[in-house]
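Analysis of the macromolecular model
Chain residues, written in single-letter form:
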Amino acid sequence: MPYFRINKCLPATVDIRLQYRYSAVGKELSRITHFNKTEVLRLLQMHYMLTKDNTKPMNKLNFIQFMDVFLGVRNVEAVDKIYLLCSETNREYMTGPEFVKVLSMVLKGTLADLINFCFEVYTEMIRSPKYIKKEDVLLVARRNSMKMCKLVNMDEYDQRFVEFVMAEVDKDRDNRISLEDYRKTVHENVAWLQFLGQILPECSKKQTFMRLFTDRPYVNNIETTAAAMTRKNRESIAKMTLLKSTISQAENFGSSTTSFSSQSTCLMVNQDMSHMTKKNQLISDGHYLKLF
């Protein structure tokens, strides 16, 4: 069988050796992830390169740095829980196959899978295995308020935010959010998928990162699924649109600030609500090293 080089940054001898080493696991992972075998092999080689030629394991700190630098996910608390949930072999490090599975979920996961995944991360964050209670939402809101704005008293706004969240997400009115409540809410409006903080990369970050290891065009599975659902849920969309028009993320600590979006929940209130401005979103410049 002719040799096909898949990694331009490694010597051909190393590339051949790694392809041979990862051949079996690559074939297996291509069956259970959203990547084909070549993409899996490239990601396994990326894991090899990121762990200093496989001499140093990918520990929690390495994974947090990877999610920050490559995918722009800076919610350390959420990334910490993702690491713990996905490091099944050994909690001290993340193996190559586990690395591929995580990326399959956060980059190309279906909406149904992501609903379960995000809810599990949130419940791990609040240390409650089945439900998100009202006081948990308030606790997360206060954490975000403290991080984003230390100059403004946020208690009143945090309470208003919690009441809004419970009114929208607690479908059975039992003062706690179950997986089924969360699923129904996301099906009404996908913007609720990350209502307690960022877990998934932004689309621009996904596209830029995926150009490192695949030539296949990026397909936003979330938006594709949501487009069909939202046509039946105009009322919920209108409510979220109204919320987004009055809440935005701060550009500086001294003036504007409140944010609520499907990407993150960074809560801050503007003392003068009439002067709120929308924060410019970071757009990836695409200057990543082309590895493959």
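Let us look at the structure shown here. Here the structure is a predicted model, which means the values were calculated and not measured. Just so you know, the residues in each chain are numbered from 1, in the order the chain's sequence is written. Restriction of local features to residues with pLDDT of at least 70 applies here, the model being predicted, together with a cutoff of 80 or more for giving and counting side-chain atom pairs; totals for whole chains, interfaces and linings are based on all residues. Side-chain measures were taken over the full set of non-hydrogen atoms in the model, leaving aside hydrogen atoms and water.

**Some thoughts on the pattern of salt bridges**
As a reminder of what qualifies: We define a salt bridge as a contact between a side-chain nitrogen of Lys or Arg and a carboxyl oxygen of Asp or Glu at a distance within 4 Å.
This structure, assessed with the given rule, holds nine salt bridges. Where Lys81 meets Asp80, a salt bridge forms, and the shortest distance between an N and an O atom there is 3.8 Å. Where salt bridges share partners, they join Lys60, Asp80 and Lys81 into one cluster.

**Quick word on the nonpolar core**
Inclusion rule: What makes a nonpolar core is a set of buried Ala, Val, Leu, Ile, Met, Phe, Trp, Tyr and Cys residues whose side-chain atoms join them at distances within 4.5 Å. Between buried and exposed lies partly exposed: a residue is buried under 20% and exposed over 50% of the maximum accessible area for its type, with that area taken using a 1.4 Å probe on protein chains only. Counting from the N terminus, the helices are the DSSP runs of H or I reaching at least four residues and the strands are the DSSP runs of E reaching at least two.
Leu71, Leu103, Phe117, Ile177, Tyr182, Leu193 and Phe209 are the most contacted members of the largest nonpolar core, which totals 71 residues. When residues in this core are grouped by element, the largest group, nine residues, is from helix α6 (residues 111-125).

**Considerations on the packing of helix α3 (residues 60-71) against helix α4 (residues 76-86)**
Packed helix pairs are characterised by how far apart their axes lie and by the angle those axes make with each other. What counts here: Axis definition: a line fitted to C-alpha atoms, over the contacting stretch in the case of helices. Angles run 0 to 180 degrees between N-to-C directions. Orientation categories follow fixed angle ranges, with anything under 35 degrees roughly parallel, anything over 145 roughly antiparallel, 65 to 115 roughly perpendicular, and all other angles oblique. Two helices that cross are described as forming a left-handed crossing if the nearer one is turned anticlockwise from the farther one by less than a right angle, and a right-handed crossing if clockwise. Whether two residues are in contact is decided by their heavy atoms, any of which lying within 4.5 Å being enough. Each residue is assigned to one of three groups, with Ala, Val, Leu, Ile, Met, Phe, Trp, Tyr, Cys and Pro labelled nonpolar, Asp, Glu, Lys and Arg labelled charged, and all others, Gly among them, labelled polar.
It is the contact of α3 with α4, at a shortest axis distance of 10 Å, that shows an interaxial angle of 125 degrees. The orientation of α3 with respect to α4, classified from their angle, is oblique. For α3 against α4, the interelement crossing comes out right-handed. Within the contact between the two elements, α3 uses Lys60, Phe63, Ile64 and Met67 and α4 uses Val76, Val79, Asp80, Ile82, Tyr83 and Leu84. Counted by class, the contact of α3 with α4 contains eight nonpolar, no polar and two charged residues.

**Description of helix α9 (residues 179-188)**
What counts is decided by this rule: The directions from the helix axis to the C-beta atoms form the arc being described.
Of all the positions in α9, only Asp181, Tyr182, Thr185 and Val186 are classed as buried. Projected down its long axis, α9 shows its buried positions confined to an angular sector of 125 degrees, all on one face.

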